[in-house]
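Below are the chains, spelled out letter by letter.
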Amino acid sequence: MFPDGGLPSNVRHMYLSSFKLIASLRETLDANTCLQSLSMENVDVESIPDEVLLPSSLTFLRIYDCQNLKKMEYKGLCQLSSLELIQCPNLQCLPEEGLPKSISSLEIVDCPLLKQRCQNPEGEDWAKIAHIQELDIQ
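### Side note on unusual backbone geometry
Item 1. For the bond from Asn-120 to Pro-121, the omega torsion is -10 degrees, close enough to zero to count as cis.
Item 2. Relative to the elements of secondary structure, Pro-121 occurs in the loop between α2 (112-117) and α3 (126-129).
Item 3. In this model, Asn-42 sits at a positive phi of 55 degrees, which is unusual for a non-glycine residue.
Item 4. Checked against the element boundaries, Asn-42 lands in the loop between β2 (37-41) and β3 (47-48).

### Concerning the sheet that holds strand β7 (residues 105-109)
Item 1. The parallel open sheet is built from six strands, whose spatial order is β1-β2-β4-β6-β7-β8. The strands lining the two open edges of the sheet, one partner per strand, are β1 (13-16) and β8 (134-137). Each neighbouring strand pair of the sheet contributes to a mean axis angle of 5 degrees, computed without reference to strand direction.
Item 2. The pairing of β2 with strand β4 (residues 60-64) spans five bridges and is classified as parallel. From the neighbouring strand, Leu-38 faces β4, where its bridge partner is Leu-61.

### Notes on the nonpolar core
Item 1. Within the largest apolar cluster, 34 residues are counted, with the highest numbers of intra-cluster contacts made by Met-40, Leu-61, Ile-63, Leu-69, Tyr-74, Leu-85 and Leu-99.
Item 2. Secondary structure elements with two or more residues in this core: β1, β2, β4, β6 (82-86), β7 and α3.
Item 3. Not counting chain neighbours up to four residues away, the residues in contact with Ile-63 comprise Met-40, Ile-48, Leu-69, Met-72, Glu-84, Leu-85, Ile-86 and Cys-88.

### So, the environment of Glu-46
Item 1. Note on placement: Glu-46 falls in the loop between β2 and β3.
Item 2. Given the relative accessible area of 44%, Glu-46 is considered partly exposed.
Item 3. Put simply, Glu-46 and Gln-67 are 21 residues apart on the chain and 8.7 Å apart in space, counted from C-alpha to C-alpha.

Rules used in this analysis
Residues numbered from 1 in each chain as written. Predicted model: local features only at pLDDT ≥ 70, side-chain atom pairs only at ≥ 80, totals over all residues. Heavy atoms only, no water. Helix = DSSP H or I, 4+ residues; strand = E, 2+ residues; numbered from the N terminus. Pairing = 2+ DSSP bridges. Axes fitted to C-alpha atoms, helices over the stretch in contact; angles between N-to-C directions. Core = buried A, V, L, I, M, F, W, Y, C linked by side-chain atoms within 4.5 Å. Buried < 20%, exposed > 50% of the residue type's maximum accessible area, 1.4 Å probe, protein only. Contact = heavy atoms within 4.5 Å.

Next up, the structure:
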């Protein structure tokens, strides 16, 4: 648990690997306006941000080895420029509204359901990522 007042407001980079820690941040993470980089590993959630609040100040988001993650939304992440989705085998698709236009780098690795949907040009989600300059889909 973080002390009263939660996460210090000047934190710019954070790595989280415990759902209990994320749960304790639920009230303070969204309010943090300085957080630019967030990496989450092995977090047992089905949906982000429903179970994890994401601050709008993020420019880099890395989600790694989240075996139960099925759904993601990106509302409010208008500054996000880099997104990495790695080893999320149950992630089913990108958000219906697509990714933020600010994203210039997208890496999708070992996410078989998502990989299939992001294939050029026939994938169901290809139109949502075609504008991204740096694409790495494996």
